[in-house]
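# Notes for the structure review
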Amino acid sequence: MKYYKEMGSRIKQRRKELNMKQAQLAEEVEISNNHMSSIENGKQKPSLDIFINICKSLGVTPDYLLLGAMHSHSIPQDITDKLRLCSEPDIALIGDIVEILVRRNPSCKLKDSNLFF
């Protein structure tokens, strides 16, 4: 049950980051508020369908809820959310900055400098 408590805590934390009420998330996932409360408190296990809907509603990957990693590439959701608000020229600039950071990191040996961009 320890893992379900941790998962429930992540659900609750992410929901609060999005300024979402528990009842709103429950409605989006199509379950009762009591059921959502039990999931967030680790008292009930969500079905696979409910789990997937929670991930979609919260904009997170399953690995974040299960393991605590926000994305498979460990990029925090708030950064990706903010990137979506940037203009095309800003995204290009950010891409250039990331490429410079990768090149200056001695532990990253890229065979193709255009691997990411």
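### Side note on the overall build of the protein chain
Along the backbone of the protein chain there are seven helices and zero strands. In sequence order, the secondary structure elements of the protein chain are arranged as α-α-α-α-α-α-α. Considering only intrachain contacts with a sequence separation of at least 6, the fraction spanning at least 24 residues in the protein chain is 43%. As displayed, the protein chain offers around 8,300 Å² of accessible surface, 56% of which is attributable to carbon and sulfur atoms.

### Some words on the pattern of salt bridges
Applying the stated criterion across every chain yields a total of three salt bridges. For Glu-17, the salt bridge goes to Arg-14, with nearest N and O atoms at 3.2 Å. In this pair, Glu-17 and Arg-14 both sit in helix α1 (residues 2-17), three residues apart, roughly one turn of the helix. On the accessibility criterion, Glu-17 (43% relative accessible area) is partly exposed. Taking relative accessible area as the criterion, Arg-14 reaches 5% and is therefore assigned buried. A salt bridge links Arg-15 to Glu-40; the nearest nitrogen and oxygen atoms lie 2.6 Å apart. Placement of Arg-15 in helix α1 and of Glu-40 in helix α3 (residues 33-40) is noted, with a sequence separation of 25 residues between them.

### Comments concerning helix α2 (residues 22-29)
Inspection of α2 places Gln-22, Leu-25, Ala-26 and Val-29 among the buried residues, and these make up the whole buried set. The arc enclosing the buried residues of α2, seen along the axis, measures out at 100°, which places them on a common side. The inward-facing, buried residues of α2 abut α1, α3 and α4 (48-58). Of the residues flanking the end of α2, it is Glu-30, one or two places downstream, whose phi is positive at about 65°.

### Section: α3
All buried positions along α3 are accounted for by Met-36, Ser-38, Ile-39 and Glu-40. Considering only its buried residues, α3 is in contact with α1, α2 and α4. Taken from the residues just after α3, Gly-42 is the one with a positive phi, measuring 75°.

### As for the nonpolar core
In terms of nonpolar packing, the biggest core is built from 17 residues, with Ile-11, Ile-54 and Leu-65 touching the most fellow members. For this core, the element with the most residues is α4, which contributes five residues. Each residue touching Leu-65, except ones within four places of it in the same chain, is listed here: Met-7, Arg-10, Ile-11, Phe-51, Ile-54, Cys-55 and Val-60.

### Description of the confidence of the model for the protein chain
When pLDDT is averaged along the protein chain, the result is 83, and 85% of the positions lie at 70 or above. Segment residues 110-117: pLDDT under 50, and eight contacts once partners within four positions in sequence are set aside and those in other chains are kept.

### Examining a nonpolar patch on the surface
Taken together, the side chains of Ile-75, Ile-79, Leu-83 and Ile-91 define a hydrophobic patch exposed on the protein surface, amounting to about 290 Å² of accessible area. Of note, Ile-75 is situated in the loop between α5 (62-67) and α6 (77-83).

### Let's talk about the environment of Lys-12
Within the secondary structure, Lys-12 sits in helix α1. Along the primary structure Lys-12 and Gln-22 are separated by 10 residues, whereas in three dimensions their C-alpha atoms are 8.0 Å apart.

Reading guide: rules and limits
- Residues numbered from 1 in each chain as written.
- Predicted model: local features only at pLDDT ≥ 70, side-chain atom pairs only at ≥ 80, totals over all residues.
- Heavy atoms only, no water.
- Helix = DSSP H or I, 4+ residues; strand = E, 2+ residues; numbered from the N terminus.
- Contact = heavy atoms within 4.5 Å.
- Areas by Shrake-Rupley, 256 points an atom, 1.4 Å probe, with all protein chains shown as cover.
- Salt bridge = Lys/Arg side-chain N within 4 Å of Asp/Glu carboxyl O.
- Buried < 20%, exposed > 50% of the residue type's maximum accessible area, 1.4 Å probe, protein only.
- Arc of directions from axis to C-beta.
- Core = buried A, V, L, I, M, F, W, Y, C linked by side-chain atoms within 4.5 Å.
- pLDDT = per-residue confidence, 0-100.
- Patch = residues over 30% accessible without salt bridge, like charges linked within 9 Å, V, L, I, M, F, W, Y side chains within 5 Å.

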